[in-house]
Amino acid sequence: MSKGKKTQRLDKILGHLGYGSRTDIKKMVKQGRVTLNGTVPKDSGIQADPYEDRIAVDGENIDYREFVYLMLNKPQGVISATEDNRDRTVLDLIPAELRAFSPFPVGRLDKDTEGFLLLTNDGQLAHDLLSPRKHVPKTYEARVLGEIGEREAALFREGVALDDGYVTLPAELEVLEVMRGEEGVQSHIRLTLSEGKFHQVKRMFMAVGSRVMYLKRVSMGPLALDDSLALGTFRELTEAEVELLKTYKKSL
Ligand code: URA
């Protein structure tokens with residue numbers, strides 16, 4: 001039976017899903033724990049179509065996919081990286097069966113920034129979303145010191161010079177609320193950037209004489225943070241959201 005180009009070695013398919021090394025999988029096959037279309041294969045290197053063939057481990061059918069796409073509501077105190085010597089990383093918030101796909105964060109949020117972070121193992125998609133030439137918009141909400149208003153909105157529309165002299169691209173600032181309390185005046189704002197320089201939001205507010213006290217990303221490209229995700233939790237993107245991302249990527 002010809003299965004075209006979609007077939008792969010059975011041990012590779014199971015390896016991708018995190019079932020272990022080639023040797024581990026060989027052992028599992030020998031022990032009769034793996035079935036292919038209902039029968040125990042003789043060889044763990046047999047060709048199979050992960051989408052069309054029925055592959056089971058210990059009687060459970062596997063759910064094969066090449067890519068995973070996760071939306072995480074990043075809490076403060078964790079690093080947007082795959083490993084770190086000192087701190088917990090966003091991957092520590094993901095269970096082992098999804099870590100097996102080797103997802104990585106699409107871009108970085110500072111340790112003290114919360115909110116929307118996409119994790120995927122789809123390198124091409126990540127590359128396009130992060131490319132400085134594609135200008136994918138990212139929206140943040142922040143609480144900042146002082147009364148922010150039309151002056152700052154105009155400066156951000158024009159572009160402000162950061163501490164290293166870099167002049168930012170036009171950004172859209174909306175003031176949601178000005179709060180007057182015992183600690184003085186603070187403003188709740190929403191800012192949309194089409195670039196992602198290091199600590200950009202914090203440095204833009206420094207450039208206009210303010211300071212960011214709290215920062216959260218609420219959207220990136222066509223996707224917004226799911227309000228029902230508690231801080232530190234994640235969910236897989238729905239099929240519709242993955243399609244939206246792919247269509248968006250094509251339009252870039
Ligand atoms: N801008 C910042 O200053 N920090 C972030 O984490 C993201 C954007």
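Residues numbered from 1 in each chain as written. Predicted model: local features only at pLDDT ≥ 70, side-chain atom pairs only at ≥ 80, totals over all residues. Heavy atoms only, no water.

*Asks:* Quick one: what's the story with the sheet that holds strand β5 (residues 60-61), residue by residue and with numbers?
*Replies:* Backbone-to-backbone hydrogen bonds join strands into a sheet, with any given pair of strands oriented parallel or antiparallel. Taken in spatial order, the three strands make up an open sheet running β2-β4-β5, and their pairing is antiparallel. A single partner strand is all that each edge strand has here, and the edge strands are β2 (34-36) and β5. Of the strand pairs in this sheet, β2 and strand β4 (residues 55-57) are connected by three bridges, and their pairing is antiparallel. Residue pairing across strands places T35 opposite A56, the latter belonging to β4. (Pairing = 2+ DSSP bridges. Helix = DSSP H or I, 4+ residues; strand = E, 2+ residues; numbered from the N terminus.)

*Asks:* Account for the packing of aromatic side chains, with residues named and values stated.
*Replies:* Scanning the model with the defined rule gives three aromatic pairs in all. For the pair F156 and F205, a centre-to-centre distance of 5.2 Å together with 85° between the ring planes defines the contact as edge-to-face. Note that F156 is positioned in helix α5 (residues 150-158) and F205 in helix α6 (residues 200-207), a separation of 49 residues in sequence. Like F156, the residue F205 is buried in the burial classification. Over the face of the ring belonging to Y166 we find K197, whose NZ or CZ atom lies 4.8 Å from the ring centre. (Phe/Tyr/Trp six-rings, centres within 6.5 Å; stacked < 30°, edge-to-face > 60°. Buried < 20%, exposed > 50% of the residue type's maximum accessible area, 1.4 Å probe, protein only. Lys NZ or Arg CZ within 6 Å of the ring centre and 35° of its normal.)

*Asks:* Before we move on, can you summarise the side chain of E114 with the specific residues and values?
*Replies:* Examined against the element boundaries, E114 turns out to sit in strand β8 (residues 113-120). For the buried E114, no salt bridge is present, and the opposite-charge side chain at shortest range is K216, 5.8 Å distant. Reaching out from E114, the side chain makes a polar contact with the side chain of Q76 at a distance of 3.5 Å. At 2.6 Å, the side chain of E114 and the side chain of Y214 are in polar contact. (Lys, Arg positive; Asp, Glu negative; His and termini not counted. Salt bridge = Lys/Arg side-chain N within 4 Å of Asp/Glu carboxyl O. Polar contact = N/O pair within 3.5 Å; in protein donor to acceptor, adjacent residues only side chain to side chain.)

*Asks:* Any chance you could break down α5 for me, citing the residues and the numbers?
*Replies:* Turning to α5, its buried residues are E152, A153 and F156. Buried residues of α5 fall within an arc of 100° about the axis and therefore sit on the same side. Looking at α5, the residues exposed on the side facing more than 90 degrees away from the buried face are E150, R151 and E158. Those residues of α5 that are buried are in contact with β10 (172-181), β11 (184-193) and α6. The positive-phi residue at the C-terminal boundary of α5 is G159, with phi of around 110°. (Arc of directions from axis to C-beta. Contact = heavy atoms within 4.5 Å.)

*Asks:* Account for the site of the ligand, with residues named and values stated.
*Replies:* Taken together, L109, D110, T113, Y140, H199, Q200, V201, K202 and L215 form the complete shell of residues around the ligand. Contacts to the ligand include D110, whose side-chain N or O atom sits 2.7 Å from a nitrogen atom. Isolated, the ligand exposes 240 Å² of accessible area, and the fraction of that covered by the protein chains is 95%. Broken down by element, the residue count for the shell around the ligand peaks at three residues, all from α6. Tallied by class, the residues present in the shell around the ligand amount to four nonpolar, three polar and two charged. (Near = heavy atom within 4 Å. Areas by Shrake-Rupley, 256 points an atom, 1.4 Å probe, with all protein chains shown as cover. Nonpolar A, V, L, I, M, F, W, Y, C, P; charged D, E, K, R; others polar.)

*Asks:* Lay out the nonpolar core in plain terms, naming residues and giving numbers.
*Replies:* Formed by 46 residues in total, the largest nonpolar core has its most connected members in F156, L191 and F205. Y69, L118, L223 and L225 belong to the second-largest nonpolar core, a separate cluster that totals 17 residues. (Core = buried A, V, L, I, M, F, W, Y, C linked by side-chain atoms within 4.5 Å.)

*Asks:* So what's going on with the pattern of salt bridges? Which residues, and what values?
*Replies:* A complete count under the given rule lists 18 salt bridges for this structure. A salt bridge links D128 to K249, with the shortest nitrogen-to-oxygen separation between them at 4.0 Å. Placement of D128 in helix α4 (residues 123-130) and of K249 in helix α7 (residues 239-251) is noted, with a sequence separation of 121 residues between them. Across the salt bridge formed by R190 and E174, the nearest N and O atoms sit 3.3 Å from each other. Of this pair, R190 sits in strand β11 while E174 sits in strand β10, and the two are 16 residues apart along the sequence. On the basis of relative accessibility, which here comes to 37%, the residue E174 falls in the partly exposed class.

*Asks:* Describe in detail the packing of α4 against α7, supporting the description with residues and values.
*Replies:* The description of two helices packed together rests on the angle between their axes and the distance between the axes. Viewed as axis vectors pointing N to C, α4 and α7 meet at an angle of 55°, and their least axial separation amounts to 10 Å. In terms of axis orientation, α4 runs oblique to α7. Crossing hand, α4 versus α7: left-handed. Seen from α4, the contacting residues are Q124, L125, D128 and L129; seen from α7, they are L245, Y248 and K249. (Axes fitted to C-alpha atoms, helices over the stretch in contact; angles between N-to-C directions. Parallel < 35°, antiparallel > 145°, perpendicular 65-115°, else oblique. Left-handed = near helix turned anticlockwise from the far one by under 90°.)

Function cannot be read off these values alone, since they describe shape.
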